[in-house]
Amino acid sequence: MFIQWKIIDTPLSTTALLSVGALPALTQGHAHSNETKGPVQLTLDNDQKWATDDNLHQGISHIRVAMIVELPSVQADQTTIEQHWVLAQKTSDKIAFKMRNCRLD
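Residues numbered from 1 in each chain as written. Predicted model: local features only at pLDDT ≥ 70, side-chain atom pairs only at ≥ 80, totals over all residues. Heavy atoms only, no water.

The secondary structure content of the protein chain amounts to three helices and zero strands. Along the protein chain, helices and strands appear, N-terminal first, in the series α-α-α. A total of 105 residues make up the protein chain; the buried ones form 12% of that total. Long-range contacts, defined as pairs at least 24 residues apart, comprise 73% of the intrachain contacts of the protein chain with a sequence gap of at least 6. (Helix = DSSP H or I, 4+ residues; strand = E, 2+ residues; numbered from the N terminus. Buried < 20%, exposed > 50% of the residue type's maximum accessible area, 1.4 Å probe, protein only. Contact = heavy atoms within 4.5 Å.)

Okay, structure coming up:
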């Protein structure tokens, strides 16, 4: 029984000590010198489109198509866990493809 309590007590004690140590940091004010008022406006470089290559375009397009096909059934809560996993795997595969093959200057 003592060993079981010791196993539980150590993580709890550590958590409590870390929480107490973090308390002063959490109570201090938090400010940034670069804060702006209102939303940030996103602009293109001299109104030019961002650079892309065929691999990036292909990866993004495949993710977009996969989402468009599945979105109605996802929003209607008519998909199974397995279908979610398939969509997640498709998306992950296309992100990996982009990371391996996209070359931007």
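Moving on: the packing of aromatic side chains. The final tally for this structure, using the stated rule, is zero aromatic pairs. Over the face of the ring belonging to F97 we find K94, whose NZ or CZ atom lies 5.8 Å from the ring centre. (Phe/Tyr/Trp six-rings, centres within 6.5 Å; stacked < 30°, edge-to-face > 60°. Lys NZ or Arg CZ within 6 Å of the ring centre and 35° of its normal.)

Keep in mind that most residues, glycine aside, have a negative phi and that most peptide bonds are trans. In this model, D77 sits at a positive phi of 55 degrees, which is unusual for a non-glycine residue. Residue position: D77 is located in the loop between α2 (54-75) and α3 (81-101). The exposure class assigned to D77 is exposed, which follows from its relative accessible area of 67%.

Turning to the confidence of the model for the protein chain, a few remarks are in order. Averaged over every residue, the pLDDT of the protein chain is 75; the share at 70 or more is 65%. The secondary-structure element of the protein chain with the lowest mean pLDDT is helix α1 (residues 2-27), recorded at 51, while α3 shows the highest, at 91. (pLDDT = per-residue confidence, 0-100.)

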